[in-house]
Amino acid sequence: MLVINSGSSSVKYQLLDMAEADPADGRGAVRLASGVVERIGEGPGADHAEALRRVAGELDAEGLGPDSPGLAAVGHRVVHGGTRFTEPVLITDEVLAGIEELVPLAPLHNPGNIAGITVSRELRPGLPQVAVFDTAFHATIPEHAARYALDTATADAYGVRRYGFHGTSHAYVSRAAAALLGRDPAEVNAIVLHLGNGASASAVAGGICVETSMGLTPLEGLVMGTRSGDLDPAVVFHLARVAGLDTDAIDTLLNKRSGLLGLCGDNDMREIGRRMAEGDHAARLAFEIYVHRLRKYVGAYTAVLGRVDVIAFTAGVGENSAAVREAATRGLEVLGIEVDPVRNALRGSAPRLVSAGSSRVAVAVIPTDEELEIARQTFELVTGADAGQRGGDGPAARPAPRQESP
Ligand SMILES: Nc1ncnc2c1ncn2[C@@H]1O[C@H](COP(=O)(O)OP(=O)(O)O)[C@@H](O)[C@H]1O
Ligand SMILES: CC(=O)OP(=O)(O)O
Ligand SMILES: [Mg+2]
């Protein structure tokens, strides 16, 4: 399986041998090649299509080109699937048109995903290409959490609701966190904090997602590298009426010039850490705003879940920043959350616990692997790996229909 993950600012790829992989969690897959093209959009000519051609060139150079035997399918991360795509699908012209229709809901992401698919179909025309959607894992969020308190007719006419994103990561990490505890995912309640350039939180009850912080688009929720996360919606009217900004200017401001970057001029947590060590006030304040938002979500999702077994930190910041993990859980002893400073400071690339022995809630670092999860789901679709358990029209893990609130 070749997996293409076109993020907002990077293209990651992996070539995985799934022959010996566990169909339930992908364990046993062998990574044959991987790579990343970063900082897309920052320089001239550095767009997604160019990045994809570079990836294809690297694979060809390693003898893993289009004619290499055994390459069975390409799995693509697609960020927005709307209400139409709630499970992986084989990409046809019609599916691609459906993904295009969702561009207005994910303008920073779906165009890159589409570029990846288009170039990949061009370069690997004989191969099945599969789309795996960020929104899919969140399709189980109950109606009372997915709906905004908007006029229902307007919301329904324009598809305005919470979709949620990074679902592949939330699915993989919540399952891996249960495995780290040595428990069945069906028995574990988890809060997953995916903190990359984009960042989102989810509440997962017994393996089923029940709440998440991103909404109609990947702008809502946590403070991110360049995105504001939660705001009073009236900020938008205020900027339009008083500052005279038009819709596109406000969109760019909130998505690309806000978050950590807008607060202190840097969106990379490593640089913010360096500046804080030098006593930089703007960097310190940006950090405190970032972790304050995280603490609010941990508290809120504790209330949503009732019982929390594990809080899992993942993605670039969550996996690497001990300072963020410490500060995001600071003062939460009342919720049974205690991080052990020594364990938290240890570096590593394997899933690990960072909570104190006395902590009622386990706190874990779980390296995410969106590519492995995409490969697993792609493999399942193209081989019908679990065909025996299927109802005939979808994978066994298909989410339950959205529930009405009680
Ligand atoms: N050692 C580190 N310490 C703190 N933050 C880090 C470290 N390494 C990476 N990061 C953060 O991770 C972010 C990227 O996360 P990643 O999950 O790769 O993002 P994305 O997939 O959304 O592009 C960077 O912006 C950086 O702030
Ligand atoms: C959905 C989203 O925010 O993705 P990324 O973190 O790759 O920008
Ligand atoms: Mg990411």
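Residues numbered from 1 in each chain as written. Chains lettered and ligands numbered in written order. Predicted model: local features only at pLDDT ≥ 70, side-chain atom pairs only at ≥ 80, totals over all residues. Heavy atoms only, no water.

A few points about the side chain of serine 120
With respect to the helices, strands and loops of the structure, serine 120 is situated in helix H3 (residues 110-123). Here serine 120 is in contact with Val74, His76 and Gln129, once residues within four sequence places are set aside. (Helix = DSSP H or I, 4+ residues; strand = E, 2+ residues; numbered from the N terminus. Contact = heavy atoms within 4.5 Å.)

Topic: the domain arrangement of the protein
Per the domain assignment, the segments of the protein are domain 1 (2-133 + 370-389) and domain 2 (182-365). Its C-alpha centre places domain 1 at a distance of 27 Å from the equivalent point of domain 2. Facing the eight residues of domain 1 at the interface are eight residues of domain 2. Both faces considered, domain 1 and domain 2 share a buried interface measuring about 610 Å² in area, 60% of it formed by carbon and sulfur atoms. A per-residue breakdown of the area domain 1 buries against domain 2 is headed by Leu105, Leu108 and His109, which together make up 58% of the total. Between domain 1 and domain 2 we count zero salt bridges in total. Of the residues assigned to the side of domain 1 that touches domain 2, the class counts are three nonpolar, four polar and one charged. (Domains from an automatic or database assignment. Buried area = accessible area lost by both parts, 1.4 Å probe. Salt bridge = Lys/Arg side-chain N within 4 Å of Asp/Glu carboxyl O. Nonpolar A, V, L, I, M, F, W, Y, C, P; charged D, E, K, R; others polar.)

Brief notes about the packing of aromatic side chains
Within the structure shown, the criterion is met by two aromatic pairs. When the centroid spacing of 4.7 Å and the interplanar angle of 5° are considered together, the rings of phenylalanine 85 and phenylalanine 133 count as stacked. Taken as a pair, phenylalanine 85 in the loop between strand S4 (74-78) and strand S5 (89-90) and phenylalanine 133 in strand S6 (residues 129-133) lie far apart in primary sequence, 48 residues in all. Take phenylalanine 85 and phenylalanine 133: they sit in the same class, and that class is buried. Taken together, a centroid distance of 5.6 Å and an interplanar angle of 90° make the contact between tyrosine 297 and tyrosine 301 edge-to-face. Of this pair, tyrosine 297 and tyrosine 301 both sit in helix H11 (residues 281-305), four residues apart, which is roughly one turn of that helix. Residues tyrosine 297 and tyrosine 301 agree in their burial class; the two are buried. (Phe/Tyr/Trp six-rings, centres within 6.5 Å; stacked < 30°, edge-to-face > 60°. Buried < 20%, exposed > 50% of the residue type's maximum accessible area, 1.4 Å probe, protein only.)

Examining the packing of helix H10 (residues 269-277) against H11
The geometry of H10 relative to H11 is characterised by a closest axis approach of 8 Å and an angle of 125° between their N-to-C directions. The pairing of H10 with H11 is recorded here as oblique in orientation. The interaxial crossing formed by H10 with H11 has left-handed handedness. Contacts between H10 and H11 involve Met269, Ile272, Arg275 and Met276 from the first element and Ala282, Ala283, Arg284, Phe287 and Tyr290 from the second. Partitioning the contact of H10 with H11 into residue classes produces seven nonpolar, no polar and two charged. (Axes fitted to C-alpha atoms, helices over the stretch in contact; angles between N-to-C directions. Parallel < 35°, antiparallel > 145°, perpendicular 65-115°, else oblique. Left-handed = near helix turned anticlockwise from the far one by under 90°.)

Considering helix H2 (residues 93-101)
Among the residues of H2, Val95, Leu96, Gly98 and Ile99 are the ones counted as buried. Taken end-on, H2 shows its buried residues confined to a sector of 155°, consistent with a single buried face. The exposed set on the far side of H2, more than 90 degrees from its buried face, consists of Asp93, Glu94 and Glu101. Considering only its buried residues, H2 is in contact with S4, S5, H3 and S6. (Arc of directions from axis to C-beta.)

Structural notes on the site of ligand 1
Near ligand 1 lie 15 residues; those nearest to it are Lys12, Asn197, Asp268, Met269 and Gly316. Interatomic distance of 3.1 Å between a side-chain N/O atom of lysine 12 and an oxygen atom of ligand 1. Taking glycine 316, its main chain carries an N or O atom lying 3.0 Å from an oxygen atom of ligand 1. Taken by itself ligand 1 offers 590 Å² of open surface, and the protein chains cover 76% of this. When residues of the shell around ligand 1 are traced back to their parent elements, those giving at least two are H10 and helix H12 (315-320). Considering every element that reaches the shell around ligand 1, the biggest residue donor is H12, with four residues. Its residues assigned to classes, the shell around ligand 1 shows three nonpolar, eight polar and four charged. (Near = heavy atom within 4 Å. Polar contact = N/O pair within 3.5 Å; in protein donor to acceptor, adjacent residues only side chain to side chain. Areas by Shrake-Rupley, 256 points an atom, 1.4 Å probe, with all protein chains shown as cover.)

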